[in-house]
Each structure stands twice: as C-alpha cells, then as structure tokens.
Amino acid sequence: MNKYEKALNDLISFVRKHSLNGYVYGSLFVLQELIDKEDKYRWHDLRKDPNDLPRNLLGKELLICRKSSCGTNYYDLCYHDKKGFNYCDSEYGDIYLDNVLAWKYIEEFENE
C-alpha cells in the first residue's frame with residue numbers, strides 16, 4: 001500500500017465514522033480509481049523491487065526498459081508470462097529477456 005492509498009483509506013474511515021454525506025463518500029471512491037490508474041500506468045522499477053512483476057496482465061503488451069551489454073537503455077514491447085518477459089520475434093520465435101530494469105503497462109491502440 002503506497003502513501004496515497006493509506007491516506008485515502010484513512011479518509012474513507014473518517015467519512016464512515018462521522019456519517020458524512022454520500023457526495024463526499026462518492027468523491028473518495030473516484031479518488032481511489034484515480035490512484036489505481038496511476039499505479040497501473042507507472043514505471044515498475046525492478047531494481048528497487050524485483051518482485052514487482054506484472055500480475056493479471058498475461059497476454060497484455062508491456063513497455064519495458066532493459067540494459068544492453070554496452071550499458072545503453074533500450075525500450076521494447078513484450079509480454080510477460082510464467083517464464084518471464086517474452087520478446088516475440090517473428091524470425092527467432094520467443095526470446096526471454098533477463099536484463100529488464102523496469103516495465104510499464106500500456107493500453108492497446110484501437111484504430112477506428
């Protein structure tokens with residue numbers, strides 16, 4: 001639980017305890033949705049927390065940042081599955097990357 005979630009939970013408890021009106025209570029849940037979205041689309045830095053892996057995102061595209069052998073950062077699209085970060089290459093097939101520094105969820109672009 002991050003500091004925003006803790007603060008929001010404290011506010012929700014306060015609203016419930018003091019029986020504040022539904023408008024305030026509804027506004028707090030809108031804030032919760034915004035916090036959840038902020039967490040969903042943030043960079044997940046695996047150097048700080050190696051266990052901060054994508055959950056419930058199997059088959060979804062992720063933007064990753066990885067370190068090359070010469071020390072340069074590269075950005076790629078890939079998927080995450082039970083084996084790890086899977087970079088699908090049409091020529092070589094599935095390639096699992098072990099040098100991922102961070103990942104970020106992205107929405108699919110829907111062309112109208």
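Above: the structure in question.
Note that this is a predicted model, so its numbers are computed, not measured.

Student: Teacher, can you tell me more about the pairing of strand β3 (residues 73-81) here?
Tutor: One face of the sheet, then the other: side chains in a regular strand alternate in exactly this way. One ladder, built from six bridges, connects strand β2 (residues 62-67) with β3; its direction is antiparallel. Pairing of Cys-65 across the sheet is with Tyr-75, part of β3. Between β2 and β3, which pair antiparallel and follow one another directly, the connecting turn spans five residues, one of which, Gly-71, has a positive phi of 95 degrees. Pairing analysis gives three bridges linking β3 to strand β4 (residues 84-89), with the strands arranged antiparallel. Its bridge partner being in β4, His-80 is matched across the sheet by Phe-85. Turn length for the β3-β4 hairpin, with the two strands adjacent in sequence and antiparallel, is two residues.

Student: It is not clear to me how the environment of Pro-50 should be interpreted in this structure. Could you clarify?
Tutor: Mapped onto the secondary structure, Pro-50 falls in the loop between β1 (44-45) and β2. For Pro-50, a relative accessible area of 52% translates into the label exposed.

Student: Looking at this structure, I do not really get the pattern of salt bridges. What am I missing?
Tutor: Opposite charge on two side chains allows them to pair when their charged atoms are near. With the rule as written, the count across this model stands at three salt bridges. Among the ionic pairs, Arg-42 bridges to Asp-52, the shortest N-O distance being 3.2 Å. One end of the pair, Arg-42, is in the loop between α2 (22-41) and β1; the other, Asp-52, is in the loop between β1 and β2, with 10 residues separating them in the sequence. Arg-42 gets classed as partly exposed once you look at its relative accessible area, which sits at 28%. Of the charged contacts, one joins Arg-47 and Asp-45 as a salt bridge, the two residues approaching to 2.9 Å between their closest N and O atoms.

Thresholds, definitions, all that
- Residues numbered from 1 in each chain as written.
- Predicted model: local features only at pLDDT ≥ 70, side-chain atom pairs only at ≥ 80, totals over all residues.
- Heavy atoms only, no water.
- Pairing = 2+ DSSP bridges.
- Helix = DSSP H or I, 4+ residues; strand = E, 2+ residues; numbered from the N terminus.
- Buried < 20%, exposed > 50% of the residue type's maximum accessible area, 1.4 Å probe, protein only.
- Salt bridge = Lys/Arg side-chain N within 4 Å of Asp/Glu carboxyl O.

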